[in-house]
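Coordinate inspection notes
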Amino acid sequence: MNWIEIGDISDIPPRGARCVKTPQGKIAVFRTAENEVFAIEDHCPHKGGPLSQGIVHGKAVTCPLHNWVISLETGKALGADEGEVRTIPVRNENGVLSIALESMMMAAE
């Protein structure tokens, strides 16, 4: 995998997110209260809301527009809602975060 460095874990507050712009679209990178890091597409499968502006709880994020809950691990809507976003591999090496963009390109083809 070709890893692209995107910053440091300290750039993201606990239970927060930051966006990374890529040629394939915006990616939201989340940090949980337990310092786990996840990356998913930054649009809700419901109406395209910015997931990076949602509330992080456990390993999920609630969309700020219509309260859909999206799993950060799988990208799937939880509860009665249906839909999903792509997840992007993210790696944390001593606080330095990287994502694997080719996984997005392969999924888009």
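Residues numbered from 1 in each chain as written. Predicted model: local features only at pLDDT ≥ 70, side-chain atom pairs only at ≥ 80, totals over all residues. Heavy atoms only, no water.

In the nomenclature of an unreviewed UniProt entry, the protein chain is known as Nitrite reductase (NADH) small subunit of Rhizobium miluonense.

What follows covers the sheet that holds strand β9 (residues 90-93). Strand pairing in a sheet relies on backbone hydrogen bonds, with the paired strands running either antiparallel or parallel. In spatial order, the strands read β1-β10-β9; together these three strands make up an open sheet with antiparallel pairing. A strand with exactly one partner marks an edge of an open sheet, and here the two such strands are β1 (3-8) and β9. Shown here is a sheet whose adjacent strand axes are inclined to one another by a mean of 30 degrees, direction ignored. Note that β9 and strand β10 (residues 96-100) share four bridges and pair antiparallel. If you follow Glu93 over to β10, its bridge partner there is Val96. (Pairing = 2+ DSSP bridges. Helix = DSSP H or I, 4+ residues; strand = E, 2+ residues; numbered from the N terminus. Axes fitted to C-alpha atoms, helices over the stretch in contact; angles between N-to-C directions.)

In this structure, Glu41 sits in strand β4 (residues 37-41). A residue is classified by how much of its surface remains accessible, and Glu41, at 9% relative accessible area, is buried. At 2.7 Å, the side chain of Glu41 and the side chain of Arg86 are in polar contact. (Buried < 20%, exposed > 50% of the residue type's maximum accessible area, 1.4 Å probe, protein only. Polar contact = N/O pair within 3.5 Å; in protein donor to acceptor, adjacent residues only side chain to side chain.)

Applying the stated criterion across every chain, the model contains four salt bridges. Three or more residues joined by partner-sharing salt bridges are found here, namely Glu36, Lys59 and Glu73. (Salt bridge = Lys/Arg side-chain N within 4 Å of Asp/Glu carboxyl O.)

So, on to the sheet that holds strand β8 (residues 87-88). Spatially, the four strands line up as an open sheet ordered β2-β3-β4-β8, and their pairing is antiparallel. If you trace the sheet from one side to the other, it starts and ends with β2 (16-22) and β8, each paired once. Sheet analysis places β2 next to strand β3 (residues 25-31), joined by seven bridges and oriented antiparallel. Bridge pairing in β3 links Arg18 to Val29.

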